[in-house]
Amino acid sequence: MQFTKEYFIQEFKKRLNEGYAVDIKQASNFELYQTLASIVRSGYNNAWHQNIKNNAREGNKQAYYFSIEFLPGRLLQSNLLNMGWYDTVISGLKDLDIDFYEVTEIEKDMALGNGGLGRLAAAFMDALASSGLPGNGNGIRYKYGLFKQKIVDGYQVELPNEWLNQGNSWEVRRDSKAVDIHINATEVSLLEKDGHLVPVYHGGKVIRAVPYDVGVVGFQNGCVNNLRLWDAEIPESEEVNYRTLDERRKIEDLTSILYPDDSTSEGRRLRLLQEYFFVSAGIQSILKHHKKAGHNLNKLADYVAIHINDTHPVLCIPELMRLLLDEEHYGWDEAWEITTQVMSYTNHTLMAEAMEKWPIHYIQELQPRIYQIICEIERRYVESLEKRGQAELIPSTRIIADNQIRMVSLAIIGSHSVNGVAKLHTELMKSQVLNDFYRLFPERFNNKTNGITERRWLQIANRELSKVLDKTIGKTWRYAADDLEMLLKYQDDEKVLKEINHAKYQNKVRLAEHVKKSNGLKISPDAIFDVQIKRLHEYKRQLLNLLRIIKLYQDLKENPNLDIQPRVFIFGAKAAPGYHEAKVIIKCINEVGNLINNDQTIQDKLKVVFIEDYSVSLAELIIPAADVSEQISTATKEASGTSNMKLMLNGALTVATLDGANIEIKDQVGDDNIFIFGLTKDEVTAHNQTQDYCAWDYYNNIPVIKRVLDALIDGSIPNIQVEGRHVFDLLTRFNDQFFVLADFEGYLAIQEQVDQAYRKPLAWAKMSLINIAKGGHFSADKTVQRYAKEIWHIKPVVEKDEAKYDSYQ
Ligand code: CR1
């Protein structure tokens, strides 16, 4: 049946009454939201079901993306958009006198991720379905997503994010697909059974993993894939083994919180248990499915590709080996062959402290059999290098060293593909950090530059700009992102440039309204909106931004009539709760903000806004309103970045170091349409090698630096006696590990250019237009298509066919 407005209205009224016994006038936004979500679900359930059946029937090879984080944000709007129902629903609700956007605000963000890594995983889910590719997610259904951030007296306070309190409209619990997981055995012995040696686990516990599936709706193609998130429960048969409340709570805790740290492995034992839990559940369920479909496990790689997203799911490798050896009775060599053909791995960071290493005894306690298997992988690996005459590479690449398991080594040794997430990152991986592995297995290494869900970031987040695009270049860009390039023809068209500026202005008004409500601060949409939104990390250098703000403030105090463009500095950033320096920086940003925002003498030329609890939904509000995008990490440190891509796509101009994907953005837009500054990777590498960097020299020899740093400790910024000193010390006594001072003057100079450029609205709009036009380059659709072709060897199974979601009844 056609999904028409009339049909929608009738169905909406009917379901609202059936569900809540109210009519539209009485209904709360929550009831309206639930009703709408139920209609949407019914609209794709059939396609979802069919998709699962088709894949099984046709024996399509499928990819399984294992990730400890998924950060989809809200799903209502993107599902509607992808189903092609968006306009019909909005106009139907309007007829019923319901404000659609108010209803969407009810939905809680699905925030099961920390930052870029989790958001990328969610983008890939959308892109796989939208490309008609059979690709599924496998992760954890955390009861609390990423913590809720409050700013109290300038400090970050972490509160639980109870996103599941009112249920999740998009999930389906699938009891029949539950699997059991054995942990904490004290001993494993081998017994002969039916002519095979099988391991017998002594002691320990069994946990039941229950999947909650979320349908991932492709963009107007009828393809609905599966995101499977696991919850932990105590199986009935095991109740007696959990005698105390404490023991029961341990199982609840297992899927309770997402570790709020995307760069170091926190929480230790529980975190490792989470890793094994979702890996074992996922692999068991894949094998079950494979066998049920009647396929031989020898051919697993013809049907299944398993992707290890960063090292958190690396236990996939020994777990698959365990199942093949112990349950399926394969010999080692065959099992290893199957495993390495199936597995592939993405590295997301080269920061040494973020490379996961687990103490041997943690793994032994968790699952002794897994430990045995890792030891055997290690033994054979070492032996093979000795045989190849490459024994000198053993110490740096082996899996077990210093009583620890190195997860990166296990990932590379057990996979057929290892990729980085931007050209520079892959190059650094090959030439520096993982060079020894590269020498051993050059054919495994490849690059897959990250991408973004452009539909969400333009069509949903930036409706103002979308309208301008429709009017100017037609609507094909809505499904073919490369068509945005058609905009280039209009780069000197004054009318279009003005419309682009006007759209930006409206988005700024919207953000200003939010800031008024959330921060009680009035900001002017005429000012430059200068945005840095990302996790708070020293290498991302929010501090560099802050020092510049202090500098401008000092200049204005000296000369209140200084001719500068008014600027609003907007920050959104969460710090890992255990990351002291990051929290100190948040406090300093907020106190500098308090000082500046309340100082009448500077005539509103500067404002500093820290938007608390940065999230995907807030990003959708902030990004369309940004004029300037701050991408200022120390060269070599940011693997890729993805906010850089979202911001350029929305017409913000990038102030950037030559780091991560910034380089590829520069290659797209050309040197004239981006503001580049700072040390290059070679300069940073040289400093690190020669250890010649001396932060004190910058402080002592460059007056502007001395003046800014002194402000941190001389009381001129109130309420940061401790924090200001801490930052001062980081930048001087501890020798400024991230070269903030080295890049400071270059940063000031480039910001001066930004200030000048902003004075010419049409020239600015032209640069902005070029960024928008080139934004299509970073579509996640294209990125996953490359993974599909070059790593997973999967093919699209669904062609574009809008009508498929209309089989609505
Ligand atoms: C990187 O820091 C990258 C994302 C997604 C992050 C960021 O530059 O864009 O991954 N890495 O690839 C990360 O979270 C644990 O590592």
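Residues numbered from 1 in each chain as written. Predicted model: local features only at pLDDT ≥ 70, side-chain atom pairs only at ≥ 80, totals over all residues.

The name given to the chain in an unreviewed UniProt entry is Alpha-1,4 glucan phosphorylase, with the source organism recorded as Ligilactobacillus ceti DSM 22408. Under the UniProt heading Cofactor (unreviewed entry), the note attached to the chain is "pyridoxal 5'-phosphate". Listed in UniProt under the heading Catalytic activity (unreviewed entry), the comment for the chain reads: "[(1->4)-alpha-D-glucosyl](n) + phosphate = [(1->4)-alpha-D-glucosyl](n-1) + alpha-D-glucose 1-phosphate". (UniProt positions renumbered as here; feature names shortened; annotations may be inferred.)

**Regarding the UniProt feature "modified residue: N6-(pyridoxal phosphate)lysine" (unreviewed entry) in the chain**
UniProt feature "modified residue: N6-(pyridoxal phosphate)lysine" (unreviewed entry): in the numbering of this structure it lies at K646. Inspection of the secondary structure assignment puts K646 in helix α24 (residues 643–649). Overall, the presence of 29 C-beta atoms within 10 Å leaves K646 in the buried class. With sequence-adjacent residues up to four places away left out, K646 is seen in contact with I452, W457 and I623. (Helix = DSSP H or I, 4+ residues; strand = E, 2+ residues; numbered from the N terminus. Buried ≥ 20, exposed ≤ 12 C-beta atoms within 10 Å, placed from the backbone. Contact = placed C-beta atoms within 7 Å.)

**Side note on the domain arrangement of the chain**
By domain assignment, the chain separates into domain 1 (1–54 + 85–102), domain 2 (59–74 + 109–450 + 787–796) and domain 3 (454–778). Placing the centre of domain 2 and that of domain 3 at their C-alpha centroids yields a distance of 35 Å. Contact with domain 2, which involves 38 residues of that partner, is made by 34 residues of domain 3. Elements with a contribution of two residues or more to the side of domain 2 that touches domain 3: β2 (70–73), α6 (116–130), β5 (148–152), β6 (155–159) and α16 (423–433). A class-by-class count of the residues in the side of domain 2 that touches domain 3 yields 13 nonpolar, 15 polar and ten charged. (Domains from an automatic or database assignment. Nonpolar A, V, L, I, M, F, W, Y, C, P; charged D, E, K, R; others polar.)

**Overview of the sheet that holds strand β24 (residues 653–656)**
A sheet is described by the order of its strands in space; here six strands give the open sequence β22-β21-β20-β23-β24-β25, paired in parallel fashion. Among the strands making up the open sheet, the edge pair consists of β22 (606–610) and β25 (675–676). As defined by bridge partners, strand β21 (residues 567–572) adjoins β22 across five bridges and the pair is classed as parallel. When the bridges of β22 are listed, F569 appears paired with V608. (Pairing = 2+ DSSP bridges.)

**Considerations on helix α2 (residues 29–58)**
Within an α-helix, residues lying three or four positions from one another point in the same direction, as the helix has 3.6 residues per turn. In a regular helix each residue adds 1.5 Å, so 30 residues correspond to 44 Å; α2 covers 43 Å between its end C-alpha atoms and thus fits that length. Within α2, the axis deviates most sharply at Y44, by approximately 35 degrees. Where α2 terminates, the next one or two residues include G59, which has phi positive at roughly 65 degrees. (Expected span 1.5 Å × (residues − 1). Bend = angle between axes of the 7 residues up to and from the residue.)

**Details of the environment of F30**
Positionally, F30 belongs in helix α2. Taking the C-beta count within 10 Å as the criterion, F30 has 13 such neighbours and is therefore assigned partly exposed. Sequence separation between F30 and V103 is 73 residues; the distance between their C-alpha atoms is 7.3 Å.

**A look at the site of the ligand**
Residues in close proximity to the ligand total 18 residues, the closest being G116, L117, H348, A639 and S640. When its residues are assigned to classes, the shell around the ligand shows five nonpolar, ten polar and three charged. Built from parts of two domains, the shell around the ligand gets at least three residues from each of domain 2 (59–74 + 109–450 + 787–796) and domain 3 (454–778). (Near = placed C-beta within 6 Å.)

**Side note on the nonpolar core**
In terms of nonpolar packing, the biggest core is built from 237 residues, with F124, F277, C316, V609 and I622 touching the most fellow members. If you tally residues by element for this core, the top one is α6, at ten residues. Residue contacts for V609: discarding those within four places in its chain leaves V515, N519, L521, I523, V568, F569, I570 and F571. (Core = buried A, V, L, I, M, F, W, Y, C linked by C-beta atoms within 7 Å.)

**Focus on unusual backbone geometry**
You will see that D310, though not glycine, has its phi angle at about 60 degrees, which is positive. Turning to its location among the elements, D310 is positioned in the loop between β13 (304–309) and α10 (316–327). One non-glycine residue with positive phi stands out, namely D604, at about 60 degrees. Topologically, D604 is positioned in the loop between α22 (580–597) and β22.

**Considering the sheet that holds strand β17 (residues 404–406)**
Overall, antiparallel pairing links the three strands, which are arranged β15-β17-β16 in an open sheet. On the outer flanks of this sheet lie β15 (357–359) and β16 (400–401), each paired with one strand and no other. Sheet topology places β15 next to β17; three bridges connect them, and they run antiparallel. Bridge pairing in β17 links P359 to Q404.

**Considerations on the environment of A352**
Positionally, A352 belongs in the loop between β14 (343–346) and β15. Each C-alpha atom of the pair A352 and F124 lies 26 Å from the other, and the pair is 228 residues apart in sequence.

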